Amino acid sequence: MRNRIERQREIIDFTLSRLSRRKGRQLAILIVYSGAVFLLASVMFLVFALRTEAILLLRQAPELVVQRLSAGRHDLMPESYFDAVRSIRGARNVTQRLWGYYFDPSSRANYTLMAPESVSSGDGAAIIGDGVSRANSAYPGDILTIRGHDGRLVNLAVTRVLSPDSQILSSDLILISRKDFMAIFSIPPGFSTDLTLTAENAGELPLLAAAIRNLLPDARLISRQDVLKTYAGMFDWRRGFILLVLSASALALAMIAMDRAFGLSAEDKKEIGILKAIGWRTSDVLLMKFWEGAVISLSAFISGILLAYAHVFLLHPVLFAPVLKGWSVLYPEFRLTPFISPVQMALLFILTVIPYIAATVAPSWRPAAIDPDAVLRA
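These remarks concern the structure in this document. Counting starts from 1 at the beginning of each chain's written sequence and moves along it residue by residue. A pLDDT threshold of at least 70 governs which residues receive local features in this predicted model, and a stricter bar of 80 or more applies before side-chain atom pairs are shown or counted, although totals over entire chains, interfaces and linings include all residues. Computation of side-chain values covers all heavy atoms of the structure but excludes hydrogens and water.

The subject of this paragraph is the overall build of the chain. In this text, helices come from DSSP runs of H or I with a minimum length of four residues, and strands from runs of E with a minimum of two, each type numbered from the N-terminal end. Counting secondary structure elements, the chain contains 16 helices and 13 strands. Taking all 378 residues of the chain together, 43% fall into the buried category. Contacts were defined at the residue level, with two residues in contact if any of their heavy atoms lie within 4.5 Å. Of the contacts made within the chain by residues no fewer than 6 positions apart, 81% connect residues no fewer than 24 positions apart. Each accessible area is a Shrake-Rupley result for a 1.4 Å probe, and residues are judged covered by the shown protein chains and nothing else. Accessible area for the chain stands at about 20,500 Å²; split by element, carbon and sulfur atoms hold 61% of it. Throughout this description, buried means an accessible area under 20% of the type-specific maximum (1.4 Å probe, protein chains only), exposed means over 50%, and partly exposed covers the range between.

In this section: the pattern of salt bridges. Counted as salt bridges are all cases of a side-chain nitrogen of Lys or Arg within 4 Å of a carboxyl oxygen of Asp or Glu. This model, assessed by the stated rule, comprises eight salt bridges. Arg 92 is the salt-bridge partner of Glu 200, the closest N and O atoms lying 3.1 Å from each other. With a gap of 108 residues between them, Glu 200 in the loop between strand 12 (194-199) and helix 7 (205-215) and Arg 92 in strand 4 (residues 91-97) connect regions that are remote in the sequence. For Arg 92, a relative accessible area of 37% translates into the label partly exposed. One salt bridge connects Asp 150 with Arg 152, and the closest N-O pair in it is separated by 2.9 Å. We classify Arg 152 as exposed; its relative accessible area is 57%.

A negative phi angle characterises most non-glycine residues, just as the trans form characterises most peptide bonds. With phi around 55°, Ala 71 is a residue other than glycine that occupies positive phi space. By secondary structure assignment, the location of Ala 71 is in the loop between strand 1 (64-70) and strand 2 (73-75). Residue Ala 71 is classed as exposed on the basis of its relative accessible area of 82%. In this model, Asn 93 sits at a positive phi of 55°, which is unusual for a non-glycine residue. Relative to the assigned elements, Asn 93 resides in strand 4.

This paragraph deals with the packing of helix 11 (residues 282-314) against helix 14 (residues 354-361). Where helix 11 meets helix 14, the axes come as close as 8 Å, and the angle between the chain directions of the two elements is 150°. Where helix 11 crosses over helix 14, the handedness of that crossing is right-handed. For the pair helix 11 and helix 14, the contacting residues are Leu 286, Lys 289, Phe 290, Glu 292, Gly 293, Ala 294, Ile 296 and Ser 297 in the first and Tyr 356, Ile 357, Thr 360 and Val 361 in the second. Class assignment of the residues belonging to the contact of helix 11 with helix 14 gives a composition of seven nonpolar, three polar and two charged. Between N-to-C directions, angles span 0 to 180 degrees; the directions come from axes that are lines fitted to C-alpha atoms, helices contributing only their stretch in contact. Throughout, a crossing is termed right-handed when the near helix is turned clockwise from the far one, and left-handed when it is turned anticlockwise from it by less than a right angle. Gly is put with the polar residues, along with every residue not named as nonpolar or charged; the nonpolar set is Ala, Val, Leu, Ile, Met, Phe, Trp, Tyr, Cys and Pro, and the charged set is Asp, Glu, Lys and Arg.

This brings us to the nonpolar core. The biggest cluster of nonpolar side chains holds 27 residues, and the ones touching the most others in it are Phe 45, Leu 336 and Leu 348. Every element with two or more residues in this core is listed here: helix 2 (23-58), helix 11 and helix 14. When residues of this core are assigned to their parent elements, the largest contribution, 12 residues, is made by helix 2. In these notes, a set of buried Ala, Val, Leu, Ile, Met, Phe, Trp, Tyr and Cys residues joined through side-chain atoms within 4.5 Å is what counts as a nonpolar core. Of all hydrophobic cores here, the second largest spans 21 residues; its members include Tyr 111, Leu 113, Phe 181 and Ile 187.

Below you can see the structure in the form of structure tokens.
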């Protein structure tokens with residue numbers, strides 16, 4: 001056993017010294033290889049982190065949203081709908097919501113205005129998101145002016161700026177009183193944007209939804225699971241788009257592997273013949289090539305993973321974030337929480353390390369198996 005370990009150490013030492021004699025070529029391969037791993041890992045890390053972050057946040061979303069449709073479009077909901085849904089057995093926490101979108105010509109950004117009952121902002125007061133604050137240079141004590149639906153200007157006194165930690169949800173958010181909301185959008189009393197509710201028993205949600213549809217034929221129901229599926233599909237589509245763009249990186253990685261797989265150089269064959277002539281076995285030669293491929297591929301894998309981690313989680317992922325997060329003037333500036341699973345690492349390892357090692361070892365088998373004299377005379 002000790003002799004085998006010593007033999008392995010000697011082969012590894014020889015492999016490292018052999019690689020050091022060809023620093024230029026190996027360094028070029030390592031740079032291209034690490035770049036390909038970095039790009040692929042960055043996409044995987046970013047998509048998985050965004051998707052996980054969205055799923056965790058959407059778990060706090062309403063269990064069921066009821067909207068009224070008119071001519072296939074979302075329309076205001078009269079209070080009679082609220083009373084009807086609240087009367088259904090099993091419906092709990094039925095709440096009327098007021099929310100809408102406002103386009104600000106000065107910043108060319110869309111804001112989300114909400115009037116939640118839980119926010120105790122008085123008339124003429126507003127709580128704004130960090131993105132709205134940056135776009136308008138508005139801070140507590142400043143005045144934010146919004147043009148109402150009827151053309152009149154509404155001045156809102158900023159009382160608080162929401163924490164930057166919540167930017168993924170609140171970057172474009174403006175929270176105001178119900179009275180100010182209805183004045184800005186000219187909404188008549190007794191109407192709301194939609195309803196939210198929960199089921200008394202989670203298993204009864206389909207029955208509750210069916211009862212609402214029978215009672216309100218013009219209603220559209222959106223469950224939390226529907227929203228989760230939509231977000232998952234959106235991130236999968238964008239990931240596919242980015243991976244298509246990154247096919248050049250995969251091509252570069254494949255070309256490196258093909259360079260190895262299509263055969264050895266005359267110098268490599270001569271070296272294998274000399275090693276066989278001085279007593280190396282075929283298994284020793286293949287083991288040397290294995291360690292050669294392992295050293296380069298693992299070095300590229302580790303460096304690419306570390307660079308991708310720093311790019312995605314420590315720095316702003318400038319290469320892919322605009323595509324994966326979406327385009328917006330009020331771009332949320334937040335740091336993603338690292339979500340890296342063993343499945344991700346295993347998939348990256350299989351896609352980047354295993355093919356290179358195989359492409360390094362396979363072409364060496366024939367020169368290592370035949371007579372060294374034939375290799376040296378070739």
